[in-house]
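Now for the letters of each chain:
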Amino acid sequence: AIRDIPRHLSLHPGGMVITPQPIWNYVPVEKSSKRVRVLQWEKDQTEEAGLVKIDILGNRSLAVIRDTLKAVNNHYGIVLDLTTIDPVKDLATQELIARGETMGVFYVESPAMRLLQKRSGVGDFEHLVLHTSIIRPASNRYINLYLRRLKGEPWEPLHPNLSLLNDNYGIMVYQEDVTRVAMALAGFTLQEADELRKIVAKKHKKKRLMDLKEKFFQGAVARGVGQEVIDEIWEMISSFSGYSFCKPHSASYALVSYQSAFLKAHFPAEFMAAVISNQGGYYSTFAYISEARRMGLAILPPHINLSQIQYTGREGWIRIGLQQIKGIDHHTLKVIIKEREREGDYKGLEDFLRRTATSFAETRSLILAGCFDQVEKGLNRPEMLWALEHYQKQNLITSRVKKSSTGETLPLTAFKSPLLSPSLKDYDTKRLWELEEEHLGFLISAHPLQLYQEKLKGRQVVKASELHRYVGEEVDAMGWLVTAKVVPTRRDEPMEFLTFEDTTGLIETVLFPDAYARFARLISYNKPYLLKGKVKEEWGAITMEVKEVRPL
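## A few points about the nonpolar core
Then, number 1: Counting 120 residues, the largest nonpolar core has Met172, Phe216, Ile233, Ile304, Leu366 and Phe372 as its most contacted members.
Then, number 2: Core analysis: the next-biggest nonpolar cluster, separate from the first, contains 19 residues, Val462, Leu498, Tyr529 and Val549 among them.

## Regarding the packing of aromatic side chains
Then, number 1: Within this structure, the stated rule accounts for 19 aromatic pairs.
Then, number 2: Look at phenylalanine 106 and tyrosine 253: their rings are 4.9 Å apart centre to centre, the planes differ by 65°, and that puts the pair in the edge-to-face class. Linking phenylalanine 106 in the loop between α3 (91-99) and α4 (111-120) with tyrosine 253 in helix α11 (residues 247-266), this pair joins segments that are 147 residues apart in sequence.
Then, number 3: One aromatic cluster in this structure is built from Phe106, Tyr107, Phe245 and Tyr253.
Then, number 4: Across from the ring centre of phenylalanine 188, 5.9 Å away, lies the NZ or CZ of lysine 215, which sits over that ring.
Then, number 5: When the ring centre of tyrosine 427 is taken as reference, the NZ or CZ atom of arginine 431 above it lies at 5.7 Å.

## What about the side chain of threonine 19?
Then, number 1: With respect to the secondary-structure elements, threonine 19 resides in the loop between β1 (15-18) and β2 (29-31).
Then, number 2: Judged by relative accessible area, threonine 19 falls into the buried class, the value being 18%.
Then, number 3: Within the structure, the side chain of threonine 19 is placed 2.7 Å from the backbone oxygen of glutamine 21, a separation counted as a polar contact.
Then, number 4: Threonine 19 has contacts with Tyr26 and Leu51, leaving out every residue within four places of it along the chain.

## As for the layout of surface pockets
Then, number 1: Here the second largest pocket defines a volume of roughly 950 Å³.
Then, number 2: In terms of lining residues, the second largest pocket is bounded by 31 residues, among which His12, Val38, Trp41, Glu42 and Lys43 are the most central.
Then, number 3: For the lining of the second largest pocket, the secondary structure elements donating two or more residues are β1, β2, β3 (37-39) and α1 (43-48).
Then, number 4: Looking at the lining of the second largest pocket, the element that brings in the most residues is α1, giving four residues.

## Quick look at the sheet that holds strand β11 (residues 528-538)
Then, number 1: One closed barrel accounts for five strands, arranged β8-β9-β10-β12-β11; its pairing is mixed. Neighbour-to-neighbour, the strand axes of the sheet open up by a mean angle of 50°, direction not taken into account.
Then, number 2: Sheet strands in contact with helix α13 (residues 285-294) are β8 (474-488), β9 (494-501) and β10 (506-511), and its direction is about 50° off that of β9.

## Brief notes about the sheet that holds strand β5 (residues 298-300)
Think of a sheet as strands paired side by side through backbone hydrogen bonds, with each pair either parallel or antiparallel.
Then, number 1: As summarised here, the arrangement of the three strands in space is β5-β7-β6, forming an open sheet in which the pairing is mixed. Each end of this open sheet is capped by a strand with a single partner; those strands are β5 and β6 (312-314). Sheet twist, expressed as the mean angle between neighbouring strand axes with direction ignored, is 20°.
Then, number 2: By the bridge criterion, three bridges tie β5 to strand β7 (residues 317-319) in an arrangement that is parallel. Bridge pairing links isoleucine 299 to isoleucine 318 in β7.

## Notes on the packing of α11 against helix α12 (residues 268-277)
Then, number 1: Running from amino to carboxyl end, α11 crosses α12 at an angle of 125°, the nearest separation of the two axes being 5 Å. Between α11 and α12, the interaxial angle falls into the category oblique. The residues of α12 that touch α11, namely those facing Ser260, Leu263, Lys264, Ala265 and His266, are Pro268, Phe271 and Met272.
Then, number 2: Classifying every residue of the contact of α11 with α12 gives five nonpolar, two polar and one charged.

## What to know about the environment of alanine 369
Then, number 1: Structurally, alanine 369 can be placed in the loop between α16 (360-368) and α17 (381-401).
Then, number 2: Along the sequence, alanine 369 and glutamine 308 sit 61 residues apart, while their C-alpha atoms lie 15 Å from each other.
Then, number 3: Not counting chain neighbours up to four residues away, the residues in contact with alanine 369 comprise Pro302, Ile325, Arg381, His439 and Leu440.

## Examining the pattern of salt bridges
Then, number 1: According to the stated counting rule, one finds 33 salt bridges in the structure shown.
Then, number 2: Glutamate 47 is paired through a salt bridge with lysine 198; the nearest N and O atoms lie 3.4 Å apart. Separated by 151 residues along the polypeptide, glutamate 47 in helix α1 and lysine 198 in helix α8 (residues 190-202) bring together distant segments of the chain.
Then, number 3: You can call glutamate 47 partly exposed: its relative accessible area is 29%.
Then, number 4: In the salt-bridge network here, residues are joined through shared partners; they are Glu339, Arg342, Glu343, Asp351 and Arg355.

## What about a nonpolar patch on the surface?
Then, number 1: A cluster of nonpolar side chains, namely Met16, Ile18, Val52, Ile54 and Ile56, defines an oily patch on the protein surface of about 460 Å² accessible area.
Then, number 2: Mapped onto the nonpolar patch, the elements with two or more residues apiece are β1 and β4 (52-55).

## Examining the side chain of glutamate 339
Then, number 1: Here glutamate 339 lies in helix α14 (residues 330-343).
Then, number 2: Look past the residues within four positions of glutamate 339 in its chain and what remains in contact with it is Gly344, Tyr346, Arg355 and Thr356.

## Thoughts on the pairing of β8
Then, number 1: Relative to β11, β8 runs antiparallel, the two sharing seven bridges. Within β11, the residue paired with glycine 479 across the bridge is tyrosine 529.
Then, number 2: Bridge count between β8 and β9: eight bridges; the pairing is antiparallel. Along β9, the bridge assignment pairs valine 486 with glutamate 496.
Then, number 3: Once β8 ends, the chain turns through five residues before running back antiparallel as β9, passing aspartate 492 with a positive phi of about 65°.

## Digging into the packing of α4 against helix α5 (residues 125-134)
Then, number 1: Direction vectors running N to C along α4 and α5 enclose 135°, while the axes themselves pass 11 Å from each other. Of the possible angle classes, the one that applies to α4 and α5 is oblique. Note that α4 runs across α5; the crossing there is right-handed. Judged by residue contacts, Met113, Leu116, Gln117 and Ser120 of α4 engage Leu128, His131, Thr132 and Ile134 from α5.
Then, number 2: Across the contact of α4 with α5, the residue classes break down as four nonpolar, four polar and no charged.

## Details of empty space enclosed by the protein
Then, number 1: If you walk through the whole model with that rule in mind, you get one cavity of 30 Å³ or more.
Then, number 2: Computed from the structure, the largest cavity encloses a volume of approximately 40 Å³.
Then, number 3: Taken together, the residues of the lining of the largest cavity break down into six nonpolar, one polar and two charged.

Cut-offs used in this document
Residues numbered from 1 in each chain as written. Predicted model: local features only at pLDDT ≥ 70, side-chain atom pairs only at ≥ 80, totals over all residues. Heavy atoms only, no water. Core = buried A, V, L, I, M, F, W, Y, C linked by side-chain atoms within 4.5 Å. Buried < 20%, exposed > 50% of the residue type's maximum accessible area, 1.4 Å probe, protein only. Phe/Tyr/Trp six-rings, centres within 6.5 Å; stacked < 30°, edge-to-face > 60°. Helix = DSSP H or I, 4+ residues; strand = E, 2+ residues; numbered from the N terminus. Lys NZ or Arg CZ within 6 Å of the ring centre and 35° of its normal. Polar contact = N/O pair within 3.5 Å; in protein donor to acceptor, adjacent residues only side chain to side chain. Contact = heavy atoms within 4.5 Å. 1 Å grid on protein atoms, 1.4 Å probe; cavity = no way out; pocket = protein on both sides within 12 Å on 5 of 7 lines; lining within 4 Å. Points joined across faces, edges and corners; volume = space filled by probe spheres on them. Pairing = 2+ DSSP bridges. Axes fitted to C-alpha atoms, helices over the stretch in contact; angles between N-to-C directions. Parallel < 35°, antiparallel > 145°, perpendicular 65-115°, else oblique. Nonpolar A, V, L, I, M, F, W, Y, C, P; charged D, E, K, R; others polar. Salt bridge = Lys/Arg side-chain N within 4 Å of Asp/Glu carboxyl O. Patch = residues over 30% accessible without salt bridge, like charges linked within 9 Å, V, L, I, M, F, W, Y side chains within 5 Å. Areas by Shrake-Rupley, 256 points an atom, 1.4 Å probe, with all protein chains shown as cover. Left-handed = near helix turned anticlockwise from the far one by under 90°.

By themselves, these observations are geometric and do not establish any function.
Okay, here's the thing in structure tokens:
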């Protein structure tokens, strides 16, 4: 009885309504729980009333492009203007997109999108526009049909009136294709056809959808269209449910993708640094660090004099930014950088303590993250911690007893004592790895899979870069989970697509329902796995159908 009745008032995250006069002249307005002015109509009612509704959303990839362009200008004096440079015509960019080497590239970095690029083998703008729209969740069947036709399989339009889909290889790809096909095949008016497009895309108003479906079938039959063709076309229309793009949307996305790919192809260090600094996109920071390594970039540790707040990259290396260190307030980082710019590099830990008001806990994190390793020549990390503790205690005692002539406690900086420490043994490699994980969130001096090589003795494990040699065979591979996505089969059974990585590349895998039921609960992001499965190739893209998963 309560189904479809509004449960509570909710604020649309990006929805804006614009009116020529004060908005309350058109629609009642109230305050939301966050004291934001909100309409008393929900979004569909607002549209139906004829008000102009715009969704304004942020896009971090625009910040990635902005930061990369700024870095390129700072490093090489090159001023790039992507409003005048046409990356669409750049051969290196086209080849990068065609190879699917697009981690970090806006909208085309998901495993499904990268596999589609590899399978298609095309990287031109027109095909990328098509790919950004055909990758809909419900369109897997049509993706395979598209690829067969792209590779040369002969085809004819399902009906003479459907030659309007020839640019899409006879497949409905964009939202407006629903509108155009309904008009051409079933005699819908423009208003009726656009209503069908909206209802299919938004998966609501099911009763009205059934009315439109009946009208579509009747209209198509009246125009002599065969039942088999009608059923096929309606199934294609149904694949637009939930999530789909119009062609202008796909084209604008593809242009941003091309701009991103252009920068990755020509300025890889600056681009990957900007991706990580802006919290990436589809993947974790560790996954982007691994991608940078595969691109041949050296990953340099945080440094109190060489690191900025953000990650920085240039000519073959990426330096970890101070923002990556856990437990340090952003305001503190700004103070550290500003003081360094004002008075020059820090000469050591003592100089740093004298010049900044960084707290004990924050300084300790900087030490354990390795920020002073190359600066404090006389002390290792355990000795620096001892000296910091001693320094802190001495200053606390002094600050209690030292008074000025007015009786007030003098500033702490006036009584700071020199750093003192006994000789202590430095941390071993294992402890250094633990500190990287604890304070940075991942290993930088080694890939975590290197820690498990002993467990693989006596077992033939195929590397990601060698999987193409074993197509059709069942092999073992070792991988660290990068990302995963569960999807339903046609029988509504769960299956999962997972991307693993080893030190040589990515392993795209699939767990079909039986394997998913057995192993999905075992898989997490914090340990490596031994994968047993069959290697498959489809139009040049290598995947692995996993039969067994074992945590190491």
